[in-house]
Amino acid sequence: MCTTSAAMADMGAPAPALGRGPQGARVISPISVKASLGSCHLLDCREKEEFTPDAVPALEGAQLVDNAMLFLKACKEGKHNNLKQSIRAAGKKLVCYCNSGYRSAIVSSALEAMGFDAYSMEMGLKGWNNYATLSPEVVVTLTTTDVEKATLAFSCANAALAQGKVTAVVCFAHGVDLMKRVDGGGAVYDDMKANEPFKPMKVLVDNFNKDGGVVFCCNTCVKSRGLEFKDLQDFVHFMQAPDFVRMNGAAKQTMPFA
């Protein structure tokens, strides 16, 4: 899984929104939520009967609603004004989620109309547990082990993160080789460094992960090299061609490095 930035959470870093989604709700990526948990009040909008033995557990620290419509009715009647005030006083966002993002969109849209700083988490728990279902704003593709091009790819990806954009680096073909483990637990890119003033690859990749970026590797490319995902770095996520086509088509900006 992608490393969550504890530093960002402690600082209450803002989580960028992805615009408007279903029901007119403001949508926020699980990637951004994980990178800024300290600035989010989580609201689990699943119905009570959805908590079956095989259901995904509520996220740590989340407030359970049990019945979304009754909760909204109570909010409209002013019975949860203390919640609104405490969230506002703490400078937090109210992030609603459900299994797929549909009910949470209804709830967050209604709460926003009542004055809450509310968002719906993109794809709900499905997106939380499988980043390949998400829609990053910036998609950087890397298909080479060339040190200068790889350095440029991660430099641009870090720049996009610094602008508050949800960003993914997708490794295809030879780009997958960069993410392989080496003896001793390191990475292929650990000793890679382009000429000054570029930063070393290890610094760029570590910063990208620390600040909430996501790295994907093409499943077919991994298999074609006789590898498995356990042979790659822990932060690397699984992706297939249909996932990339959807992501790349929905992204606001794409940057290929080959």
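No experiment lies behind these values; they were computed from the predicted model shown.

Our next topic: the packing of helix α3 (residues 68-76) against helix α5 (residues 102-113). Close contact between α3 and α5 brings their axes to 11 Å; oriented N to C, the two are set at 5°. It follows that α3 is roughly parallel to α5 by the angle criterion. Here Ala 68, Met 69, Phe 71, Leu 72 and Cys 75 of α3 lie close against α5, whose contacting residues are Arg 103, Ile 106, Val 107, Ala 110 and Leu 111. Classifying every residue of the contact of α3 with α5 gives 9 nonpolar, no polar and 1 charged.

Between Glu 196 and Pro 197 the backbone carries a cis peptide bond, its omega angle lying at 10°. Assignment of secondary structure puts Pro 197 in the loop between β8 (167-171) and α8 (201-210). Of note in the backbone geometry, Asp 66 takes a positive phi value of approximately 75° without being a glycine. Its place among the elements puts Asp 66 in strand β4 (residues 63-66). One non-glycine residue with positive phi stands out, namely Ala 173, at about 45°. Using a relative accessible area of 27% as the deciding quantity, one classes Ala 173 as partly exposed.

With that settled, the discussion passes to the sheet that holds β8. Ordered by their spatial adjacency, 5 strands build an open sheet running β10-β9-β8-β7-β11, and the pairing between neighbours is parallel. The two strands at the open ends of the sheet, each matched to only one other strand, are β10 (236-239) and β11 (253-257). On average, each strand axis in the sheet is inclined to that of its neighbour by 25°, with strand direction left out of account. Direction of pairing for strand β7 (residues 138-142) relative to β11: parallel, over a ladder of 5 bridges. Residue Val 138 lies in a different strand from β11, and its bridge partner there is Gln 253. Of the strands in this sheet, β7, β8, β9 (214-218) and β11 touch helix α7 (residues 147-162), which is tilted by about 170° from β7.

Bringing the confidence of the model for the protein into the picture now. Across the protein, the average pLDDT comes to 89, with 92% of residues at 70 or higher. Long-range and interchain partners of residues 1-15, a stretch whose pLDDT sits below 50, account for 32 contacts in this model, where long-range means more than four residues apart.

One finds Phe 154, Met 179, Val 215 and Phe 216 to be the most contacted residues of the largest nonpolar core, which totals 47 residues. No other element matches α7, which puts 6 residues into this core. Val 65, Ile 87, Leu 94 and Leu 111 belong to the second largest nonpolar core, which has 15 residues in total.

Taken as a whole and assessed by the stated rule, the structure comprises 0 disulfides. Its sulfur unpaired, Cys 45 is 4.3 Å from the next cysteine sulfur, which belongs to Cys 96. Judged by relative accessible area, Cys 45 falls into the buried class, the value being 0%. Counting only cysteine sulfurs, Cys 217 is the nearest neighbor of Cys 171, a cysteine outside any disulfide, at a range of 4.4 Å. Residue class for Cys 171 comes out buried when judged on its relative accessible area of 0%.

Any two packed helices are characterised by how steeply their axes cross, that is the angle between the axes, and by the distance between the axes. Interaxial distance between α7 and α8 falls to 9 Å at its minimum, and their mutual angle equals 30°. For the element pair α7 / α8, the angle class is roughly parallel. Crossing geometry of α7 relative to α8 is assigned as left-handed. Contacts from Ala 150, Thr 151, Phe 154, Ser 155, Ala 157, Asn 158 and Leu 161 in α7 reach Met 201, Leu 204, Val 205, Asn 207 and Phe 208 in α8.

Basis of the calculations
- Residues numbered from 1 in each chain as written.
- Predicted model: local features only at pLDDT ≥ 70, side-chain atom pairs only at ≥ 80, totals over all residues.
- Heavy atoms only, no water.
- Axes fitted to C-alpha atoms, helices over the stretch in contact; angles between N-to-C directions.
- Helix = DSSP H or I, 4+ residues; strand = E, 2+ residues; numbered from the N terminus.
- Parallel < 35°, antiparallel > 145°, perpendicular 65-115°, else oblique.
- Contact = heavy atoms within 4.5 Å.
- Nonpolar A, V, L, I, M, F, W, Y, C, P; charged D, E, K, R; others polar.
- Buried < 20%, exposed > 50% of the residue type's maximum accessible area, 1.4 Å probe, protein only.
- Pairing = 2+ DSSP bridges.
- pLDDT = per-residue confidence, 0-100.
- Core = buried A, V, L, I, M, F, W, Y, C linked by side-chain atoms within 4.5 Å.
- Disulfide = S-S within 2.5 Å.
- Left-handed = near helix turned anticlockwise from the far one by under 90°.

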